[in-house]
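Chain by chain, the residues:
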Amino acid sequence: MRLAGQEKLGYYPTPPETLRLLAQALKPETGGLLRLLDPCAGKGEALAAVAQSLKDQGGQVVTYGVELADVRAQEAAQVLDHVIQATWWDVTTRNKAFSLLWLNPPYDWEYGELKEGKKRQRLEYQFLRATEDKLAPGGVLVYIVPQGILGRPNVARFLAGHFDRIQVRRLPADEYDRFNQVVLLGVRRRKAMRDEAVEETLRLYGSGANPPALDEDPLDAYIVPVSQVAERSF
């Protein structure tokens, strides 16, 4: 991990205009509880803002966050309902329990010792693979990553195969310029399938073809579904 990233433990919070526009695209299903998960919660401000927007629209919401840095975890606990201070890999949660997965992972390569013959992976991909099954079928993924990540074959294939209704937007100009980030929204499929057309589109974006800007081409709305899990998910 880069030195700056090491100091921040991979913390790159969602920029404010992007957060506002994304929250606008999320609509609550009524008649039950919406469970929202952020496995890289930082100070909790992004998930808290989304939760508040859903509540303002009549949703019943409970939030769950995991954050490695102790000080940030303490801050997140002030604005989220349930927070664990740990690395995601040490947390046990129920599968298919969450209505929305907010995933703004560390932007870097896997670090530490690797087993012989094992290739080093991007953390953006590792977090995606490790959290996707926590999302209920029909649940909404919000995935915020550097644009080039979408061009990686394993990332494009996984996203296209596991998610439907995918939309990609680059961040507004002032916020995009810093890390060249894009946001991808999608709905988790009930059964994974190969979608070569979407896969190719994602790879083109990752290779430099620019998706529309979030502030110029608003996202179609996504309904955040009611969770079918009755008890706490942590």
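The structure contained in this document is the topic of the report that follows. Just so you know, these numbers come straight off a predicted model, no measurement behind them.

Rules used in this analysis
Residues numbered from 1 in each chain as written. Predicted model: local features only at pLDDT ≥ 70, side-chain atom pairs only at ≥ 80, totals over all residues. Heavy atoms only, no water. Helix = DSSP H or I, 4+ residues; strand = E, 2+ residues; numbered from the N terminus. Rg over C-alpha atoms; globule rule 2.2 N^0.38 Å. Buried < 20%, exposed > 50% of the residue type's maximum accessible area, 1.4 Å probe, protein only. Contact = heavy atoms within 4.5 Å. Areas by Shrake-Rupley, 256 points an atom, 1.4 Å probe, with all protein chains shown as cover. Lys, Arg positive; Asp, Glu negative; His and termini not counted. Charge placed at Lys NZ, Arg CZ, Asp CG, Glu CD. Phe/Tyr/Trp six-rings, centres within 6.5 Å; stacked < 30°, edge-to-face > 60°. Axes fitted to C-alpha atoms, helices over the stretch in contact; angles between N-to-C directions. Parallel < 35°, antiparallel > 145°, perpendicular 65-115°, else oblique. Left-handed = near helix turned anticlockwise from the far one by under 90°. Nonpolar A, V, L, I, M, F, W, Y, C, P; charged D, E, K, R; others polar. Core = buried A, V, L, I, M, F, W, Y, C linked by side-chain atoms within 4.5 Å. Polar contact = N/O pair within 3.5 Å; in protein donor to acceptor, adjacent residues only side chain to side chain. Pairing = 2+ DSSP bridges.

1. Digging into the overall build of the chain
Item 1. In terms of regular secondary structure, the chain is built from eight helices and nine strands.
Item 2. Taken against the 2.2 N^0.38 rule, which gives 17 Å for 234 residues, the C-alpha radius of gyration of the chain at 17 Å falls within 12% of a compact globule.
Item 3. Principal-axis analysis of the C-alpha atoms gives the chain an extent of 45 × 35 × 35 Å.
Item 4. Out of the 234 residues in the chain, the part that is buried amounts to 54%.
Item 5. Intrachain contacts of the chain at a sequence separation of at least 6 include 76% that bridge at least 24 residues.
Item 6. Approximately 11100 Å² of the chain is accessible, and the part contributed by carbon and sulfur atoms is 47%.
Item 7. Across the chain, 30 positive and 31 negative side-chain charges occur, with their mean positions spaced 5 Å apart.

2. Quick notes on the packing of aromatic side chains
Item 1. Counting across every chain of the model gives four aromatic pairs.
Item 2. Ring geometry for W89 versus F127: centroids 5.1 Å apart, planes at 45°, classification tilted. Of the two residues, W89 is situated in the loop between β4 (82-85) and β5 (98-103) and F127 in helix α5 (residues 123-131); the sequence distance between them amounts to 38 residues.
Item 3. The exposure class of W89 is partly exposed, given its relative accessible area of 45%.
Item 4. Judged by its relative accessible area of 8%, F127 is buried.

3. Regarding the packing of α5 against helix α6 (residues 153-162)
Item 1. One way to put it is that α5 packs onto α6 with a least axis distance of 10 Å and a crossing angle of 25°. When the axes of α5 and α6 are compared, the pair comes out roughly parallel. In this structure, the crossing between α5 and α6 has a hand that is left-handed. Between α5 and α6, the contacting residues are Y125, L128 and R129 on the first element and N154, V155, F158 and L159 on the second.
Item 2. Counted by class, the contact of α5 with α6 contains five nonpolar, one polar and one charged residues.

4. Re α5
Along an α-helix, residues three or four positions apart point the same way, because every turn accommodates 3.6 residues.
Item 1. With seven of nine residues buried, α5 is to be regarded as a mostly interior element.
Item 2. What α5 keeps buried is the set L123, E124, Y125, Q126, F127, L128 and T131.
Item 3. Of the surrounding secondary structure, the elements contacted by the buried residues of α5 are β5, β6 (135-146) and α6.

5. So, the nonpolar core
Item 1. One finds L103, L141, Y143, L150, L159 and L184 to be the most contacted residues of the largest nonpolar core, which totals 33 residues.
Item 2. For this core, the elements supplying multiple residues, two or more each, are β3 (60-67), β5, α5, β6, α6, β7 (163-170), β8 (181-188) and α8 (196-206).
Item 3. Setting aside anything within four residues of it in sequence, one finds L150 in contact with V145, V155, A156, L159, V168, V182, L184, L202, R203, Y205 and G206.
Item 4. Grouped together as the second largest cluster of nonpolar side chains are 32 residues, A48, V61, I144 and L214 included.

6. Concerning the environment of N154
Item 1. Along the chain, the position of N154 falls in helix α6.
Item 2. In the structure, N154 is positioned 29 residues away from Y125 in sequence and 7.8 Å away in space, judged by C-alpha atoms.
Item 3. If we ignore the near neighbours within four places in the chain, the residues touching N154 are Q121 and Y125.
Item 4. Of note is the side chain of N154, whose polar atom sits 3.3 Å from the side chain of Q121.

7. Some thoughts on the sheet that holds β7
Item 1. Taken in spatial order, the seven strands make up an open sheet running β4-β3-β2-β5-β6-β8-β7, and their pairing is mixed. What marks the edges here is a single partner per strand, and that holds for β4 and β7. Taking each pair of neighbouring strands and ignoring which way they run, the sheet shows an average axis angle of 15°.

All we've got here are geometric facts, nothing functional implied.
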